[in-house]
Amino acid sequence: MPEVSLKNITMRFGKVVAVDEVDLTIHDGEYVTILGPSGCGKTTLIRVIAGILEPTQGEVHIAGKSMKGVPIEERDLGYVFQNIALFPHMTVKMNAAYGPTVKDRPMEEREQTARKYLEMVKLLDKMSMFPSELCGGEQQKASLARALATGAKLLLLDEPLSALDARVRVDLRYELRRITKNLGLTVVHVTHDQEEAMSVSDRIVVMRAGGIVESGTPEQLYTRPRDVFTANFVGETNLLEGWVKERHEGGSWIELRDNSVIMVESCDPQVGEAVVVSVRPEFVFPFTDGLLSRIEYLTYLGTFSRVSARSQSDDLVEFDVPSIEGKLYHPGQEVHLMFNRKAAVVYPRPIEGVSEAVKLE
Amino acid sequence: MPVVKLQGIVKQYGNIKASDGVDLEVRNGEYLCLLGPTGAGKTTILRIISGLTKPDHGSVLFDGKPMDKVEPEDRRAVMLSQTYALFPQLTVAENILFGPDIRQYEEEVKERTLADMLDLVRLTHRPDAFPSELSGGMMQRTALARALASGASVLLLDEPLRALDARLRISLRHEVRSLAKSMGITTIHVTHDQDEALVMADRIAVIREGKVVQVGLPGEVFDNPATPFVANFVGQSNFFVGEVEEKKESTSIRGDSGQVVLARPCEQRLGEKVVVGVKVGNTEVHKEGEGYFDGTVERILFEGRNIYLDVDVPGLGRYSSKIPSWRLGRLSVGDRVKINWSADKATVFTMPPEGLEKELRVE
């Protein structure tokens, strides 16, 4: 079965190192998302897996076999592109039957296979239409049906939802996960959208500047990211700068730049070390006591509002309040903020500085 | 800055009505988001305001003055497309000064404009860079600076953040809005992204199939949607179909298979066929206590701040709920749960004549 294993993969384009010595194993039946900002090398990596690009160095193994010199059509995988690549002169059904057709399967089987997967993506009623008669989401569903109909157990998805409207994207990502899990496929999905990655993946691999930053389940990466870049990239977070003042089992004190202190439950860095504390906005609360901050602006987000404040320690601190309580806050107002100590994660202060370490582009 | 008014705008391409009687007023200095799915006619409206497209009927007024005879370059309405369209052979500074150059501003004015603009979009360190040397966010800011430097008093933004990474998009929302607001420009921002609209807009106009469906503050559009489509497009909703059974301080609606749910007071008559809409974020899921109906947890997705739950309710189908992540672990797939909502979170709509499914289509 298709376990995918990347061994020491490097891909250079002239002087540019797009992928830099990457080792990664994707297990059989696992849904793995490769997540990262533009230019991090994620698309190059999936193309190397597909065989569209031959790596400068290193080897790709699929189902235990080295793929050196094996072209894409012999790797037994389905591939869905960002830019929908259906054959425009073929009906949806003919597109879906493409895999079985090139494999020269009997007519009846082509028909059955196409119908089976079109039913799965809920396009059976549109199978006689041409791609141009479908809307974007439906076109991408047809592309998925075509990739599935090849019978491949390994599915590569290259930004499959990026060209679609936000609302359509949300509906389709649930479908993607449901279908691929029902079929027991191994999936490698490339995206720059952290929300998309969270809601479809068994495991997320975060990439930056050609390398892997870390990998973990969506919950691990959201609640206990090992790297400060991940903390900021996978969901929004507050980053407070300071140093470790006291360190005890179950509770350590971090002193911020205005000499005020906050308590965190776990802290790996040693006393005296410069650190940055990450706390997500939903774990910051206005209280009668705590870090003094002045509200700068409010953002309405539907069921809740996000309040952005500048603390006396000169950190930007955001916290969420239910929408109905939004009226209680206004720019210029002073608030005291408490932090959920269990939800705080402490990192050594990056040498290049915090803003450089979490830069998005 | 001008008040922009659209009166009875109609624009047809073949059989397709891109604008089907659009009336809309954008206030002086307002940041208005025009929100709708692809093909709703959003870009057509921007092009009509800018003068690049002539409407078949209706008129555009700036501060009450009809623009029908005014050429695009004299309207001072600048359109910024999603691909930015910077001149690749010109530097950042030359791109920004493109408008002032054409208008033959004096050197001194040009210099000051350039300095102001570079400062405003935080590009003072890169005036001599070419677009190909810039990141996506920098290109976006250069394009914005170019639009502002041309002396625009109406800014027309066509999906200005679409080409950027998802995470970057979120962090630039506030920046783009404050730029426009700080200059007091009347801004119309087209987007298909409801979160972007909620966060950025003073008011949102929801558009669909060439018609404006609702105009209101973000909170109004979210909490008091005018149609089931708006309820589902601006934040997802669950729906319940039934007949109005009782009207008191809240409305009781009885479904086809006998369940009764509560909603806000409504104008619909007793016995009328209606649809109740409630946001997934306001749909409560409990193992114990009160509930309108029982179901089984079908799926749990961790989405970071929230978890997204699908509950299968026999006879009614799937109900979804968004609840804070800290409740993860207290619920698991297969659990029997109750679905509930408070009456004041549920809106009653008249049953759409073409059926609910067609009404809710997002593309």
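Here is what the cut-offs are and how they apply
- Residues numbered from 1 in each chain as written.
- Chains lettered and ligands numbered in written order.
- Predicted model: local features only at pLDDT ≥ 70, side-chain atom pairs only at ≥ 80, totals over all residues.
- Helix = DSSP H or I, 4+ residues; strand = E, 2+ residues; numbered from the N terminus.
- Buried ≥ 20, exposed ≤ 12 C-beta atoms within 10 Å, placed from the backbone.
- Contact = placed C-beta atoms within 7 Å.
- Pairing = 2+ DSSP bridges.
- Axes fitted to C-alpha atoms, helices over the stretch in contact; angles between N-to-C directions.
- Nonpolar A, V, L, I, M, F, W, Y, C, P; charged D, E, K, R; others polar.
- Core = buried A, V, L, I, M, F, W, Y, C linked by C-beta atoms within 7 Å.
- Domains from an automatic or database assignment.

A.B. asks: Any chance you could break down the overall build of chain B for me, citing the residues and the numbers?
C.D. replies: Check the secondary structure of chain B and you find ten helices and 20 strands. Each principal axis of the C-alpha distribution contributes one length, and for chain B these read about 75 × 50 × 35 Å. Scored against the burial criterion, the 363 residues of chain B give a buried share of 45%. The long-range share in chain B, meaning contacts at least 24 apart out of those at least 6 apart in sequence, stands at 66%.

A.B. asks: Please set out the overall build of chain A residue by residue, giving values where relevant.
C.D. replies: Each helix and strand in chain A was counted, giving ten helices and 20 strands. For chain A, the C-alpha atoms occupy an extent of roughly 75 × 50 × 35 Å along the three principal directions. Residues counted as buried form 45% of the 361 residues belonging to chain A. When contacts within chain A are restricted to residue pairs at least 6 apart in sequence, long-range pairs at least 24 apart make up 65% of them.

A.B. asks: Can you break down the sheet that holds strand 4 (residues 57-62) of chain A residue by residue, with the values?
C.D. replies: Residue and element names in this part refer to chain A. Judged by pairing direction, the sheet is antiparallel, and its four strands sit side by side in the order 2-1-4-5 without closing on themselves. Looking along the sheet, the strands with just one partner apiece sit at the ends: strand 2 (16-26) and strand 5 (65-66). Here strand 1 (residues 4-13) pairs with strand 2 via seven bridges, running antiparallel. Considered in strand 2, the bridge of Arg12 is made with Val17. Its contacts with the sheet put helix 1 (residues 42-50) on strand 1, strand 2 and strand 4, and the angle it makes with strand 2 is roughly 60°.

A.B. asks: Tell me about the interface of chain A and chain B, and please be specific about residues and values.
C.D. replies: Counting from both sides, the interface comprises 30 residues of chain A and, opposite them, 33 residues of chain B. Secondary-structure elements contributing two or more residues to the side of chain A that touches chain B are helix 5 (136-148), helix 6 (166-183), helix 7 (194-200), helix 8 (218-223) and strand 16 (291-300) of chain A. It is helix 7 of chain A that contributes the most residues to the side of chain A that touches chain B, four residues altogether. Residues that form the side of chain A that touches chain B fall into these classes: eleven nonpolar, eleven polar and eight charged.

A.B. asks: Before we move on, can you summarise the nonpolar core with the specific residues and values?
C.D. replies: Counting residues in each nonpolar core, the largest one holds 193 residues, and the members touching the most others are Ala96, Ala145, Leu156 and Val277 of chain A together with Leu156 and Val276 of chain B. With seven residues, helix 5 (residues 136-149) of chain B is the single largest residue contributor to this core. Residues in contact with Val277 of chain A, not counting those within four places in the same chain, are Leu240, Gly242, Ile254, Ile262, Val264, Ala344 and Val346 of chain A.

A.B. asks: Talk me through the domain arrangement of chain A; I want residue IDs and the actual numbers.
C.D. replies: Parsing chain A into structural domains produces domain 1 (4-228) and domain 2 (237-357). On a C-alpha basis, the centroid separation for the pair domain 1 of chain A and domain 2 of chain A is 38 Å.

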